[in-house]
Amino acid sequence: MTILQLISQRASAALDAVGAAGAPAHVQPASKPEFGDYQINGVMAAAKQLRCNPRELATKVLAVLDLAGIAEKLEIAGPGFINIHLDRQFLADKCQLALTDAHLGVELPTRRRVMVEYSSPNLAKEMHVGHLRSTIIGDALARVMSFLGHEVVRANHVGDWGTQFGMLTAFLVENHQDDAGLALNDLEDFYRKAKIRFDESPEFADRARDYVVRLQGGDEQVLQLWRRFVEVSLAHCQAVYTTLGVGLGREHVHGESAYNDDLPVVVEELTRAGLLTENDGAKVVVLEEFRTQDDKAMGVIVQKKDGGYLYTTTDISAIRYRHATLGLDRVLYVVDARQSQHFQQLFTICRKAGFAGDMQLQHIPFGTMMGDDGKPFKTRSGGTVKLIELLHEAEERAFALVSAKNPDLEEGERRHIAHAVGIGAVKYADLSKSRVSDYIFNWETMLSFEGNTAPYLQYAFTRVQSVFRKAGDYDAAAPIVLEEAAEKQLAVALAQFDDVVLAIESDCYLHGLCQYLYQIATLFSRFYEACPILKSEGALRASRLQLAALTARTLRTGLDLLGIEVLDTM
Ligand code: ARG
């Protein structure tokens, strides 16, 4: 059990014993050292419910609260808070255990098959900044789920099907079909030219439409061109993933086209389930639980009048596949918040049709990345920013910073550091804010060596490492002893790692982990100033080195879960 779970359990039992059964204990880490290490905040509400004096109730709770071996001091504060000062030996034991455990003392939950679907760009164009958040957040979630022992299935649900591909393959035939790689070197440019041609020439537009029909009909010649296009486009994506250090490869691509053959079956099954109605020739699922502005039940089209299928139809098919074939327990869709309604409707349809069984389906939404002007991030001229260019700019900016800081390092070494710092900064700037809010992309703040940033944390890690370089041999099994306040505060925070990581498993918010790592780095520097490590001796020196070792492991593990590299020197 985590410390939070342990105290909550004991606090609930105590509330139970004083007649406030079921009242939430509301246990939290204390917000200030004066309030102890943890606080029970639920007594006031319980008192209200029982119509009694909160401080009196707190006294009664305190009398029955059993935290033997966990807390060394309990006190009532303010209107009825209960402050808990953790027992030093208990804390030391917990830290000691974390040091020797591969999972830093986190008790692994029941193993489940969890899919994280993320990135999922449309292949008709090059990846742009709009795909950055899904890629970064999704990858971090996949890392956390694996760390917690789940069987993680990564999925890249790329948009590789639909009418645009008719236009693009037709254009590819017209222009250098012999060297697709060259023609598609700049996908943006290729798309733009194809679109101009499509709009200008009715003859070309007809050919493009004919290609769509042939593509969907399985015409081998057109399919081959389409495949070539998809290959090149995926290679562009792969360059982004490699630069970002994101765990997506070709084996995770399961695009929209993969579901093509199943789409008529989906319509049949929905008909069989009695969920389809016809509306003006289109096949529609009417959902009473979703209302239009004028309070009518909303309809979700799954097949158009002309026989064509839609985005939702493909997603329904994907759910059938993920349930029946992959046997997943949980699917996380890391997709822009603007698609919220799509997912809620999708999940509702699949539940009603029985396509998902008890597989848990969750949309993990996120807000928009904004420029300094508070509008969606664009180039100076208002165009979309290519993701690969943005990432290269991050590396270049970091290189300039590192070179200014450390001009004597070899260039290769500076490039290596710049890559870790630049990419780390971009990821951390995103992950450290609540994912549901929009956030402002700003080079200066994200690359700063001060404040809650990746460079600050990476630098903090190198500082801990440097202690070990100077320390020489030490006893890695030495007992941890917590005497100074700075030692204890650091230990309390280190002992919260399991709570922080397990919270992500349920709510999929990553900014809490960022805030936590920042707190660890700050508490470590306070400890480092207040408690000499290398100058102390014997058991004390060994104990402090143990705390430093756990700090290093916590920072390294935490940053790794976020997909951020650490360095030994910077
Ligand atoms: N390709 C879509 C887009 O770029 C995102 C796909 C999200 N995933 C899904 N299963 N619908 O907007």
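Just so it is clear, the model here is predicted, and its values are computed rather than measured.

## Observations concerning the side chain of Asn260
Moving on, step 1. Within the fold, Asn260 resides in the loop between α10 (220–244) and α11 (263–272).
Moving on, step 2. According to the relative accessible area criterion, Asn260 is buried, its value standing at 17%.
Moving on, step 3. Within the local environment of Asn260, its side chain forms a polar contact with the side chain of Trp161, the two groups lying 3.1 Å apart.
Moving on, step 4. Leave out the neighbours within four places in its chain, and Asn260 touches Trp161 and Gln216.

## Considerations on the sheet that holds strand β10 (residues 330–334)
Within a sheet, neighbouring strands are paired by backbone hydrogen bonds and run either parallel or antiparallel to one another.
Moving on, step 1. Across the sheet, 4 strands lie side by side as β6-β5-β10-β11; this open sheet has parallel pairing. Edge positions in the sheet fall to β6 (151–155) and β11 (360–364), since each of these pairs with one other strand and no more. The average angle at which neighbouring strand axes cross in this sheet is 20°, direction not considered.
Moving on, step 2. Across 5 bridges, the pairing between β10 and β11 is parallel. Bridge pairing links Val331 to Leu361 in β11.

## A word on the pairing of strand β4 (residues 81–86)
Moving on, step 1. Within β4, 5 of the 6 residues are buried, which leaves the element mostly enclosed by the surrounding structure.
Moving on, step 2. Hairpin connection from strand β3 (residues 71–77) to β4: 3 residues lie between these consecutive antiparallel strands, with Gly78 at a positive phi of about 55°.

## What about empty space enclosed by the protein?
Using a probe with the size of a water molecule, rolled over the atoms, empty space left in the structure can be pinpointed.
Moving on, step 1. All chains considered together, the criterion is met by 4 cavities of 30 Å³ or more.
Moving on, step 2. Here the largest cavity defines a volume of roughly 60 Å³.
Moving on, step 3. Every residue along the wall of the largest cavity is listed here: Lys94, Cys95, Ala98, Leu104, Gly105, Leu494, Ala495, Phe497, Asp498 and Leu550.
Moving on, step 4. Those elements that provide at least two residues to the lining of the largest cavity are α4 (88–100) and α19 (497–507).
Moving on, step 5. Here the lining of the largest cavity gets 3 residues from one element, more than from any other, and that element is α4.
Moving on, step 6. Counted by class, the lining of the largest cavity contains 7 nonpolar, 1 polar and 2 charged residues.

## Some remarks on the site of the ligand
Moving on, step 1. With respect to spatial proximity, the complete set of residues near the ligand consists of Glu117, Ser120, Asn122, His157, Tyr311, Asp315, Tyr333, Val335, Gln339 and Phe343.
Moving on, step 2. Note that a nitrogen atom of the ligand is positioned 2.8 Å from one of the side-chain N or O atoms of Glu117.
Moving on, step 3. Tyr311 has a polar side-chain atom sitting 2.7 Å from a nitrogen atom of the ligand.
Moving on, step 4. Its residues assigned to classes, the shell around the ligand shows 4 nonpolar, 4 polar and 2 charged.

## Regarding the pairing of strand β9 (residues 297–303)
Residues in a regular strand point their side chains to alternate faces of the sheet.
Moving on, step 1. Looking at chain direction, strand β8 (residues 282–291) and β9 are connected through 6 bridges and run antiparallel. Residue pairing for β9: Arg291 is matched across the bridge by Ala297.
Moving on, step 2. In this antiparallel pair of consecutive strands, β8 and β9, the connection spans 5 residues, and Asp295 shows a positive phi of 55°.

## Some thoughts on helix α6 (residues 163–174)
Within an α-helix, residues lying three or four positions from one another point in the same direction, as the helix has 3.6 residues per turn.
Moving on, step 1. Along its 12 residues, α6 runs 17 Å from first to last C-alpha, staying within 8% of the 16 Å computed at 1.5 Å per residue.
Moving on, step 2. Summarising the contacts, the buried residues of α6 are in contact with α7 (180–183), α8 (187–200), α9 (202–216) and α10.

## Focus: the side chain of Gln303
Moving on, step 1. Tracing the sequence through the fold places Gln303 in strand β9.
Moving on, step 2. From its side chain, Gln303 meets the backbone oxygen of Gly307 in a polar contact 2.9 Å long.
Moving on, step 3. At a separation of 3.4 Å, a polar atom in the side chain of Gln303 contacts the side chain of Tyr309.
Moving on, step 4. Residues in contact with Gln303, not counting those within four places in the same chain, are Val267, Ala282, Lys283, Gly308, Tyr309 and Leu310.

## A look at helix α13 (residues 340–353)
Moving on, step 1. Helix length check: α13 (14 residues) gives 20 Å between terminal C-alpha atoms against 20 Å at 1.5 Å per residue, within 8%.
Moving on, step 2. Those residues of α13 not exposed but buried are His342, Phe343, Gln345, Leu346, Phe347, Thr348, Ile349, Cys350 and Ala353.
Moving on, step 3. Each element contacted by the buried residues of α13 is listed here: α11, β8, β9, α12 (311–325), β10 and β11.
Moving on, step 4. Of the residues flanking the end of α13, it is Gly354, one or two places downstream, whose phi is positive at about 75°.

## Section: the environment of Asp66
Moving on, step 1. Checked against the element boundaries, Asp66 lands in the loop between α3 (54–64) and β3.
Moving on, step 2. On the basis of relative accessibility, which here comes to 45%, the residue Asp66 falls in the partly exposed class.
Moving on, step 3. From its side chain, Asp66 meets the backbone nitrogen of Ala68 in a polar contact 3.2 Å long.

## Things to note about the nonpolar core
Moving on, step 1. Judged by nonpolar contacts, the single largest core of 164 residues is most densely connected at Leu86, Leu390 and Leu562.
Moving on, step 2. If you look at the next biggest cluster of nonpolar residues, it comprises 29 residues, including Leu287, Val302, Phe347 and Cys350.

## Considerations on the packing of helix α14 (residues 387–405) against helix α15 (residues 411–431)
Moving on, step 1. Two elements in contact, α14 and α15, have axes whose closest approach is 7 Å; the angle formed by their N-to-C orientations is 125°. Compared by their axis directions, α14 and α15 come out oblique. Of the two possible hands of crossing, α14 and α15 adopt the one that is right-handed. In this structure, α14 contributes Leu391, Ala394, Glu395, Glu396, Ala398, Phe399, Val402 and Ser403 to the contact, and α15 contributes Glu411, Arg414, Arg415, Ile417, Ala418, His419, Val421, Gly422, Ile423 and Val426.
Moving on, step 2. Tallied by class, the residues present in the contact of α14 with α15 amount to 10 nonpolar, 3 polar and 5 charged.

## Focus on the environment of Phe35
Moving on, step 1. In this fold, Phe35 is placed in the loop between β1 (27–29) and β2 (38–40).
Moving on, step 2. Taking the relative accessible area as the measure of exposure, Phe35 reaches 29% and is therefore partly exposed.
Moving on, step 3. A sequence separation of 42 residues divides Phe35 from Ala77, and the C-alpha atoms of the two residues are 8.0 Å apart.
Moving on, step 4. With near-sequence residues (within four places) excluded, Phe35 lies in contact with Ala30, Asn83 and Ile84.

Scoring rules and cut-offs
Residues numbered from 1 in each chain as written. Predicted model: local features only at pLDDT ≥ 70, side-chain atom pairs only at ≥ 80, totals over all residues. Heavy atoms only, no water. Helix = DSSP H or I, 4+ residues; strand = E, 2+ residues; numbered from the N terminus. Buried < 20%, exposed > 50% of the residue type's maximum accessible area, 1.4 Å probe, protein only. Polar contact = N/O pair within 3.5 Å; in protein donor to acceptor, adjacent residues only side chain to side chain. Contact = heavy atoms within 4.5 Å. Pairing = 2+ DSSP bridges. Axes fitted to C-alpha atoms, helices over the stretch in contact; angles between N-to-C directions. 1 Å grid on protein atoms, 1.4 Å probe; cavity = no way out; pocket = protein on both sides within 12 Å on 5 of 7 lines; lining within 4 Å. Points joined across faces, edges and corners; volume = space filled by probe spheres on them. Nonpolar A, V, L, I, M, F, W, Y, C, P; charged D, E, K, R; others polar. Near = heavy atom within 4 Å. Expected span 1.5 Å × (residues − 1). Core = buried A, V, L, I, M, F, W, Y, C linked by side-chain atoms within 4.5 Å. Parallel < 35°, antiparallel > 145°, perpendicular 65-115°, else oblique. Left-handed = near helix turned anticlockwise from the far one by under 90°.

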